[in-house]
Amino acid sequence: MRKLHQIATACAISAIMLSGTALAQATAAKKEETGKEIAFNRAKGNCLACHGMPTVPDAESTGMYGPPLIAMSARFPDKAKLRAQIWDSTVANPSSSMIPFGKHGVLTEAEIDKVTDFIYGL
């Protein structure tokens, strides 16, 4: 009887561990970062280090080095030009101090697309 109890306990613990691992993997797969999350992420976009975002209430402690990110669709009627600016701003302005996020591999193509969509909507 004792051995049967040990086997049942071991099976139950294994089942719990497997279901927990599967749940964690499913949650991680579903959770993709948004453009805003990437832009606010200090390890990735970190747009707030240099740019203010006056229309975004939770954009706190913003930098004042770069221009404020406001009315972006009016400033960049062609969304592809905004994306190119994020990819490598030194193409349009060789003396730019903005990090070339795409050229240096700081952000992936998909992340640049998400950040572009977010910023274009400001």
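In this report, the structure presented in the accompanying data block is examined. (Residues numbered from 1 in each chain as written. Predicted model: local features only at pLDDT ≥ 70, side-chain atom pairs only at ≥ 80, totals over all residues. Heavy atoms only, no water.)

1. Observations concerning the environment of I86
Then, in step 1: Position of I86 among the secondary structure elements: in helix 4 (residues 79–87).
Then, in step 2: Among the residues examined, I86 registers a relative accessible area of 6% and is labelled buried.
Then, in step 3: Sequence-wise, I86 and I112 are 26 residues apart; in three dimensions their C-alpha atoms are separated by 7.2 Å.
Then, in step 4: Filtering out sequence-adjacent residues up to four positions away, I86 remains in contact with M98, I99, P100, F101, G102, I112, V115, T116 and I119. (Helix = DSSP H or I, 4+ residues; strand = E, 2+ residues; numbered from the N terminus. Buried < 20%, exposed > 50% of the residue type's maximum accessible area, 1.4 Å probe, protein only. Contact = heavy atoms within 4.5 Å.)

2. As for the packing of aromatic side chains
Then, in step 1: If you walk through the whole model with that rule in mind, you get one aromatic pair.
Then, in step 2: A ring pair is formed by F40 and F118, whose centres lie 6.3 Å apart and whose planes are at 80°; its orientation type is edge-to-face. Of this pair, F40 sits in helix 2 (residues 35–40) while F118 sits in helix 5 (residues 109–120), and the two are 78 residues apart along the sequence.
Then, in step 3: Judged by relative accessible area, which is 17%, F118 ranks as buried. (Phe/Tyr/Trp six-rings, centres within 6.5 Å; stacked < 30°, edge-to-face > 60°.)

3. A closer look at the environment of T108
Then, in step 1: With respect to the helices and strands, T108 occurs in the loop between helix 4 and helix 5.
Then, in step 2: A sequence separation of 64 residues divides T108 from K44, and the C-alpha atoms of the two residues are 9.9 Å apart.

4. Details of the nonpolar core
Then, in step 1: Formed by 19 residues in total, the largest nonpolar core has its most connected members in M53, M72, I86, F118, I119 and L122.
Then, in step 2: Counting only elements with at least two residues in this core, the list comes to helix 2, helix 4 and helix 5.
Then, in step 3: Sort the elements by how many residues they give to this core and helix 5 lands first, with four residues.
Then, in step 4: Every residue in contact with M53, bar those within four places of it in the chain, is listed here: F40, C47, L48, A59, T62, L69, F118 and L122. (Core = buried A, V, L, I, M, F, W, Y, C linked by side-chain atoms within 4.5 Å.)

5. What about the side chain of S89?
Then, in step 1: Positionally, S89 belongs in the loop between helix 4 and helix 5.
Then, in step 2: For S89, a relative accessible area of 0% puts it in the buried group.
Then, in step 3: Excluding its chain neighbours within four sequence positions, the residues that come into contact with S89 are A84, S96 and M98.

6. Quick look at helix 4
Then, in step 1: Residues of helix 4 that are buried: L82, R83 and I86. For helix 4, the angular spread of buried residues about the axis comes to 100°, placing them on one side.
Then, in step 2: Each element contacted by the buried residues of helix 4 is listed here: helix 3 (72–75) and helix 5. (Arc of directions from axis to C-beta.)

7. Digging into the pattern of salt bridges
Then, in step 1: Enumeration according to the criterion identifies eight salt bridges in this entry.
Then, in step 2: Here E111 and K44 are joined by a salt bridge, their closest N and O atoms 2.6 Å apart. Residue E111 is found in helix 5, and its partner K44 is found in the loop between helix 2 and helix 3; the two are separated by 67 residues along the sequence.
Then, in step 3: Of the charged contacts in the structure, one is a salt bridge between D88 and K103, with a shortest N-O distance of 3.7 Å. Residue D88 is found in the loop between helix 4 and helix 5, and its partner K103 is found in the loop between helix 4 and helix 5; the two are separated by 15 residues along the sequence.
Then, in step 4: Overlapping salt bridges bring together E33, K44 and E111 as one network. (Salt bridge = Lys/Arg side-chain N within 4 Å of Asp/Glu carboxyl O.)

None of the figures reported here should be taken as evidence of function without further support.
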